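# Structural overview for review
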Amino acid sequence: MLAAFLWGIIGLLVLYPLSILVVESAKIEATGAWGLGNYLEFFHDTYYLKTFANTLVLSSLVLLTTTIFGIPLAYILARYRQWGKTVFTALILLPIVLPAYAGVFAFIIFFGRFGTVNLLLMDAGLIETPINFIYGLHGLVFIQSLHMLPFIVLSLSAGFTNIDPCFEEAAEVEGASGFRRFITVTLPLCTPSYLAGAVIVFLWPFTDWLTPLILGQVDFLPSVAYINIAYHFTDMHRKYMGIVAVVISSLVCISIFLLARWWVERKKYTGLSKGTTSEGRVIEPSPIIQASAYLYMFFIAALVLVIPIVLGLAAFSRRWVFEPIPTYWTLDNFRLILLESPLLIQNSFVYSGVALLFGVCFGLPAAYIIVRTRVPGKNALDFVITLMLAFPGMAIGVSYLLGFWEGIPLAKYWIIMPLALFARRLPYFLRMAHSSYLQLDSSLEEASEVSGVGKVRTFFYISLPLLLKGVLVGVVMFFIMAFQEISTAIFLYRGGWETLPIGIYLNWHRGMEFGIAAAMAFLMIMITFVMLLIISRIGGG
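Here goes a summary of the coordinates provided. Computed from a prediction, not measured in an experiment: that's the story for all the values here.

A word on the overall build of the protein. The helix and strand inventory of the protein stands at 23 helices and zero strands. The globule rule puts the C-alpha radius of gyration for 541 residues at 24 Å, and the 25 Å found for the protein is close to it. Projected onto its principal axes, the C-alpha coordinates of the protein cover approximately 65 × 65 × 50 Å. Summarising the internal contacts of the protein: among those between residues at least 6 apart in sequence, 77% fall at separations of at least 24. A total accessible area of about 24,700 Å² is found for the protein, and carbon and sulfur atoms account for 68% of it. Across the protein, the 32 positively charged side chains and the 29 negatively charged ones have centroids separated by 5 Å.

Another point: helix α22 (residues 500-509). Most of α22 is tucked away: eight of the 10 residues are buried. Buried within α22 are the following residues: Leu500, Pro501, Ile502, Gly503, Ile504, Tyr505, Leu506 and Asn507.

Where helix α16 (residues 342-372) meets α22, the closest approach of the two axes is 8 Å, and the angle between their N-to-C directions is 140°. By the criterion of interaxial angle, the relationship of α16 to α22 is oblique. Between α16, through Leu344, Ile345 and Ser348, and α22, the contact on the second element is made entirely by Leu500, Pro501 and Gly503. Looking at the contact of α16 with α22, its residues break down into four nonpolar, two polar and no charged.

On to the pattern of salt bridges, then. Within this structure, the stated rule accounts for four salt bridges. Measuring nitrogen to oxygen at the nearest pair gives 3.4 Å for the salt bridge that ties Glu485 to Arg424. With Glu485 in the loop between α21 (455-483) and α22 and Arg424 in helix α19 (residues 416-439), the pair connects residues that are 61 residues apart, well separated along the chain. Note on Arg424: relative accessible area 12%, which makes it buried. Taking the relative accessible area as the measure of exposure, Glu485 reaches 3% and is therefore buried. Several salt bridges converge on common partners, so that one network encompasses Arg424, Arg425 and Glu485.

Turning next to a nonpolar patch on the surface. A surface patch of nonpolar side chains, about 600 Å² in accessible area, is lined by Val57, Leu61, Leu64, Ile68, Phe69, Leu137 and Phe299. Residue contributions to the nonpolar patch peak at five residues, all from helix α3 (residues 46-79). On the basis of relative accessible area, Phe299 is assigned to the partly exposed category, the value being 43%.

All told, the structure shown has three cavities of 30 Å³ or more when counted by the stated rule. What the largest cavity holds in volume is close to 70 Å³. Lining the largest cavity are Pro95, Leu98, Pro99, Ala100, Gly103, Phe107, Ile143, Leu146, His147 and Ile307. Secondary-structure elements contributing two or more residues to the lining of the largest cavity are α5 (100-111) and α7 (137-162). As a volume, the second largest cavity reaches approximately 50 Å³. Every residue lining the second largest cavity is listed: Ser348, Tyr351, Ser352, Met417, Leu421, Ala482, Phe483, Glu485, Ala489 and Thr499. Elements supplying a minimum of two residues to the lining of the second largest cavity: α16, α19 and α21. Sort the elements by how many residues they give to the lining of the second largest cavity and α16 lands first, with three residues.

On to the side chain of Ser223, then. Along the chain, Ser223 turns up in helix α12 (residues 221-231). For Ser223, a relative accessible area of 0% translates into the label buried. Those residues within four positions of Ser223 in sequence are excluded, and the remaining contacts are Trp209, Pro212, Leu213, Gln217 and Val218.

Let us now look at the nonpolar core. Counting 174 residues, the largest nonpolar core has Leu21, Leu73, Phe160, Leu311, Val398 and Tyr400 as the members making the most contacts within it. It is helix α14 (residues 287-315) that provides the largest number of residues to this core, a total of 14 residues. Apart from residues no more than four positions distant in its own chain, Tyr400 is found in contact with Leu13, Pro17, Trp405, Ala411, Ile416, Leu419, Ala420, Ala423 and Leu492.

Any two packed helices are characterised by how steeply their axes cross, that is the angle between the axes, and by the distance between the axes. Running from N to C, α3 and helix α10 (residues 191-203) cross one another at 140°; their axes reach a closest spacing of 9 Å. With respect to α10, the element α3 is oriented oblique. For the crossing formed where α3 meets α10, the hand is right-handed. Note on element contacts: α10 touches α3 through Tyr194, Ala198, Val201 and Phe202, opposite Leu56, Ser59, Ser60, Val62, Leu63, Thr66 and Thr67. Partitioning the contact of α3 with α10 into residue classes produces seven nonpolar, four polar and no charged.

Moving on, we come to α5. For an α-helix the count is 3.6 residues per turn, leaving residues at separations of three or four pointing the same way. With 12 residues, α5 extends 16 Å between its outermost C-alpha atoms, agreeing within 8% with the 16 Å of an ideal straight helix rising 1.5 Å per residue. Taking burial as the measure, the 12 residues of α5 include 10 buried ones, the bulk of the element. If you check which residues of α5 are buried, you get Ala100, Tyr101, Ala102, Gly103, Val104, Phe105, Ala106, Phe107, Ile109 and Phe111.

Further remarks concern the environment of Ala90. Relative to the helices and strands, Ala90 resides in helix α4 (residues 85-92). The spatial distance from the C-alpha of Ala90 to the C-alpha of Thr207 is 25 Å, given a sequence separation of 117 residues.

Structurally, Ala230 is set in helix α12. Linking Ala230 and Val23, residues 207 residues apart in sequence, is a C-alpha distance of 19 Å.

This part takes up the environment of Cys253. One can find Cys253 in helix α13 (residues 236-265). Given the relative accessible area of 0%, Cys253 is considered buried. In sequence terms Cys253 and Val530 are 277 residues apart; their C-alpha atoms lie 32 Å from each other. With sequence-adjacent residues up to four places away left out, Cys253 is seen in contact with Leu203, Phe206, Thr207, Ala390 and Pro392.

We now examine the side chain of Thr66. Here Thr66 lies in helix α3. Among the residues examined, Thr66 registers a relative accessible area of 1% and is labelled buried.

Our focus in this paragraph is the packing of aromatic side chains. A full pass over the atoms with the stated rule returns 28 aromatic pairs. Between Phe42 and Phe43 the ring centres are 5.1 Å apart and the planes differ by 75°, which places this aromatic pair in the edge-to-face class. Assessed through its relative accessible area of 0%, Phe42 is described here as buried. Connected via pairs of aromatic rings, a cluster forms that spans Phe42, Phe43, Tyr47, Tyr48, Phe52, Phe202 and Phe206.

Rules behind the numbers
- Residues numbered from 1 in each chain as written.
- Predicted model: local features only at pLDDT ≥ 70, side-chain atom pairs only at ≥ 80, totals over all residues.
- Heavy atoms only, no water.
- Helix = DSSP H or I, 4+ residues; strand = E, 2+ residues; numbered from the N terminus.
- Rg over C-alpha atoms; globule rule 2.2 N^0.38 Å.
- Contact = heavy atoms within 4.5 Å.
- Areas by Shrake-Rupley, 256 points an atom, 1.4 Å probe, with all protein chains shown as cover.
- Lys, Arg positive; Asp, Glu negative; His and termini not counted.
- Charge placed at Lys NZ, Arg CZ, Asp CG, Glu CD.
- Buried < 20%, exposed > 50% of the residue type's maximum accessible area, 1.4 Å probe, protein only.
- Axes fitted to C-alpha atoms, helices over the stretch in contact; angles between N-to-C directions.
- Parallel < 35°, antiparallel > 145°, perpendicular 65-115°, else oblique.
- Nonpolar A, V, L, I, M, F, W, Y, C, P; charged D, E, K, R; others polar.
- Salt bridge = Lys/Arg side-chain N within 4 Å of Asp/Glu carboxyl O.
- Patch = residues over 30% accessible without salt bridge, like charges linked within 9 Å, V, L, I, M, F, W, Y side chains within 5 Å.
- 1 Å grid on protein atoms, 1.4 Å probe; cavity = no way out; pocket = protein on both sides within 12 Å on 5 of 7 lines; lining within 4 Å.
- Points joined across faces, edges and corners; volume = space filled by probe spheres on them.
- Core = buried A, V, L, I, M, F, W, Y, C linked by side-chain atoms within 4.5 Å.
- Left-handed = near helix turned anticlockwise from the far one by under 90°.
- Expected span 1.5 Å × (residues − 1).
- Phe/Tyr/Trp six-rings, centres within 6.5 Å; stacked < 30°, edge-to-face > 60°.

Shown next, in the form of structure tokens:
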């Protein structure tokens, strides 16, 4: 019964709207019939082909950049014992929980044509005209790479740590030391870990429509899809072509996700022994390498810190134009948010909180069924929920708009916002609950049931207290990711339903003073920071 109920929820909130999305993409505007005409037109239209090719190129460049910068960073964090490594790790991983669009605004202020860096260089007489640091493909690659770098670093760092030192020591005995050992032994053994992060990085440009728009780069698949749907809803043909672009983005994401999973599972990367510790193999570098490692970590950490520092300065200034550092300070930006737009904050907390409640009520029993039972279809349930990681947020938003406007008119009520956030971020909580169940010895639950205690009481008195630590970490991560979600919510909000992320976007889009948008973004960063402190205390860090 429980499994059927969970499948019913997945059917209603995931499979149904996504199927409506696919059906709508096949609708021919001229005749009202269904067919493959829209897809044929997409692949025959040189502009849409250009946007598709541009997105593939951008994905490849972002993956290449994060790999080049992530490999040495992950190796340093995993293998070297250095003072302050915990602080550096926290700073380097900060972009993973910061809104991507917040970073774009910060770098425009700092690296823009008349931003801080250009103004300082011109004041010093080093340049006469501004240098284009940020606008163009290079800036887009830079911003998206910095945002996605933590995924490569986290995955490779875990891979380096888990390698049995015996493999590398055996290679060194055979004469393969240094770079050759790293290329022929260490990196191949990290393939599963690397692919786990690389897939997420490669798929990001297929889901991120806002960063290119802010930088004035619209010839990318998700940006074109957003423009066609959001701005041309009365032009039915462009609307359907936008839906086709969303479906194609989703199909690419799912295909890459499944391909990476198949590639990892076709080979074995395990050894017969496990001679490693939780810290992994530790290498003592030479003083020169040690100093170089510190400089490298300082460089990456400084780039990350630009985001909160610049947004913080902008949030407390009235205007920051044609000057390296703001000179007029004020609290008016926060006053406007707290007194005139309090619904933005209230809605963000309410929608994220309700979505979190749905996630916990669904995720805990789902994890129990997947780990503890032999119910038919449990693996399929796990697969479908995990596959949601590969779906662009835009696909969820558009599918909910199409599927729940008529027939099941949930999109006309505010509850659609937390429901969409629940569907979008459910895999994050489920994975934490799943891993917590795997670490819980089933004999403890069996002993309780043998003593005559029912399954429900066993869960609340035995399982839940032991799962609590991992579950709470999942709860906080779910809340953070739901709180900053915009790709899904932007298609569903109505007047009075705006959240902080939507408020940031609208302030930028309407050409209002940037200080207000910066104050909203800074407020989100502070809320995220508090959530991370909670995770740190829960995890004992």
